[in-house]
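# Summary of structural features
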Amino acid sequence: MSPIGLFLQADWVVRGVMIGLLLASLWTWAIILSFGFRVSAVKKGIVAFETEYREADDIDEFHRRSAASDQPISRVFAAGVTEWRRSTTGKSIDRGGTRDRLATAMGAAVAQEIDRLADRLNFLATVGSVAPFVGLFGTVWGIMRSFTSIAAEQNSSLAVVAPGIAEALFATAIGLFAAIPAVIAYNRYSHAINRVEQRLNRFADGFHATLSRRLEMEA
């Protein structure tokens, strides 16, 4: 009745379900750990970048220094600077159009960074919603096999029924073992990504205001 014994005694269909759920669980934990480190690094990068940005005297010089950064907030900042340079190189400057293009460029950069950051969350959502039903399929198949054994041996004693039912319920347990961490991690990381998106949008709004003031001064 050990987990390994239940796996070895299970039907090949139930065994395949167990293997698939265990692989999904391993990949889920790999995503949970890697995503946790990644979100933490992004948050620290935002704090460090905002501190350096507030201390910078020259936007162009700060852009050159931060060009090699791989942080999402750095790419949002670079999108704003790039659009600023494109919109202010001509002899006549459309101030209203420049403001709109700056907002669009940085908003698109924020959306792109959030999509890149949340790329693997869909797997957690899939495992969280599908794994219990996959485990339930293994359970149903195992119980059907138990009833088949009862009919074949014409014996309904517990010794005949128990092994097949235990194997079937073990498949459900593995499904829940894969689904519960996936659901918890998905909810927690979705909240974390929303917080990151809010901070990126706040930075983009502040940088947009800075460029708008600079646009009025140059005009």
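Residues numbered from 1 in each chain as written. Predicted model: local features only at pLDDT ≥ 70, side-chain atom pairs only at ≥ 80, totals over all residues. Heavy atoms only, no water.

This next bit is on the overall build of the protein chain. Of regular secondary structure, the protein chain possesses seven helices and zero strands. Secondary structure elements of the protein chain, listed N to C terminal, follow the sequence α-α-α-α-α-α-α. Considering the protein chain as a whole, with its 219 residues, one finds that 39% of them fall into the buried category. Expressed as a percentage of contacts within the protein chain between residues at least 6 apart in sequence, the contacts between residues at least 24 apart total 81%. On the protein chain, roughly 12,600 Å² of surface is accessible, and the fraction owed to carbon and sulfur atoms is 61%. (Helix = DSSP H or I, 4+ residues; strand = E, 2+ residues; numbered from the N terminus. Buried < 20%, exposed > 50% of the residue type's maximum accessible area, 1.4 Å probe, protein only. Contact = heavy atoms within 4.5 Å. Areas by Shrake-Rupley, 256 points an atom, 1.4 Å probe, with all protein chains shown as cover.)

Attention now goes to the packing of helix α4 (residues 72–87) against helix α5 (residues 95–117). Interaxial distance between α4 and α5 falls to 9 Å at its minimum, and their mutual angle equals 155 degrees. Relative to α5, the element α4 is oriented roughly antiparallel. With respect to the hand of their crossing, α4 and α5 are arranged in right-handed fashion. Packed against α4, whose contacting residues are Pro-72, Arg-75, Val-76, Ala-79, Gly-80, Glu-83, Trp-84 and Ser-87, the element α5 presents Thr-98, Arg-101, Leu-102, Ala-105, Met-106, Ala-109, Val-110, Glu-113 and Arg-116 at the interface. (Axes fitted to C-alpha atoms, helices over the stretch in contact; angles between N-to-C directions. Parallel < 35°, antiparallel > 145°, perpendicular 65-115°, else oblique. Left-handed = near helix turned anticlockwise from the far one by under 90°.)

It is worth spelling out the pattern of salt bridges at this point. This model, assessed by the stated rule, comprises eight salt bridges. Between Glu-113 and Arg-75 there is a salt bridge, with the nearest N and O atoms lying 2.7 Å from each other. One end of the pair, Glu-113, is in helix α5; the other, Arg-75, is in helix α4, with 38 residues separating them in the sequence. Looking at Arg-75, the relative accessible area reads 27%, which means it is partly exposed. For Glu-113, a relative accessible area of 6% translates into the label buried. Several salt bridges converge on common partners, so that one network encompasses Asp-70, Arg-75, Glu-113 and Arg-116. (Salt bridge = Lys/Arg side-chain N within 4 Å of Asp/Glu carboxyl O.)

What follows covers the nonpolar core. Phe-35, Phe-77, Leu-124, Tyr-189, Val-196, Leu-200 and Phe-207 are the most contacted members of the largest nonpolar core, which totals 46 residues. Contributing elements (two or more residues each) for this core: α2 (12–55), α3 (59–65), α4, α5, α6 (121–153) and α7 (158–218). Tallying contributions element by element places α7 first for this core, with 16 residues. Leaving out residues up to four positions away in the same chain, Val-196 has contacts with Val-42, Lys-43, Ile-46, Ile-114 and Leu-117. (Core = buried A, V, L, I, M, F, W, Y, C linked by side-chain atoms within 4.5 Å.)

Quick look at the UniProt feature "transmembrane region" (unreviewed entry) in the protein chain now. Residues given the UniProt feature "transmembrane region" (unreviewed entry) here are residues 12–37, 121–144 and 164–186. Taken end to end, residues 12–37 comprises 100% helix and 0% strand; its first and last C-alpha atoms sit 38 Å apart. For the annotated span residues 121–144, helix accounts for 100% and strand for 0% of the residues, and the straight-line distance between the end C-alpha atoms is 35 Å. (UniProt positions renumbered as here; feature names shortened; annotations may be inferred.)

A separate point is the environment of Phe-123. As for its position among the elements, Phe-123 is in helix α6. Once the C-alpha coordinates of Phe-123 and Trp-27 are considered, the two residues, 96 residues apart in sequence, prove to be 9.1 Å apart.

On to the environment of Leu-136. By the secondary structure assignment, Leu-136 is in helix α6. Classification of Leu-136 by relative accessible area gives partly exposed; the value is 43%. Taking the C-alpha atoms as reference points, Leu-136 and Thr-172, 36 residues apart in sequence, are found 5.4 Å from one another.

The next point concerns the packing of α2 against α4. Where α2 meets α4, the closest approach of the two axes is 8 Å, and the angle between their N-to-C directions is 45 degrees. Classified by the angle their axes make, α2 and α4 are oblique. In this structure, α2 uses Val-42, Gly-45, Ile-46, Phe-49, Glu-50 and Tyr-53 to contact α4, whose residues at the interface are Pro-72, Ile-73, Ser-74 and Phe-77. Looking at the contact of α2 with α4 residue by residue, the classes come out as seven nonpolar, two polar and one charged. (Nonpolar A, V, L, I, M, F, W, Y, C, P; charged D, E, K, R; others polar.)

Moving on to the confidence of the model for the protein chain. Looking at the protein chain as a whole, the pLDDT averages 85, with 87% of positions reaching at least 70. Mean pLDDT in the protein chain bottoms out at helix α1 (residues 3–9), which sits at 67, and peaks at α5, which reaches 91. (pLDDT = per-residue confidence, 0-100.)

Here the focus is the packing of aromatic side chains. Applying the stated criterion across every chain, the model contains 13 aromatic pairs. With a centroid separation of 6.1 Å and an interplanar angle of 55 degrees, the aromatic rings of Tyr-53 and Phe-62 are classed as tilted. Grouping residues by exposure puts Tyr-53 and Phe-62 together as buried. When the ring of Tyr-53 is compared with that of Phe-207, the centres are 5.9 Å apart and the planes differ by 85 degrees; the resulting orientation is edge-to-face. With Tyr-53 in helix α2 and Phe-207 in helix α7, this pair connects stretches of sequence that are 154 residues apart. With respect to burial, Tyr-53 and Phe-207 carry one shared label: buried. (Phe/Tyr/Trp six-rings, centres within 6.5 Å; stacked < 30°, edge-to-face > 60°.)

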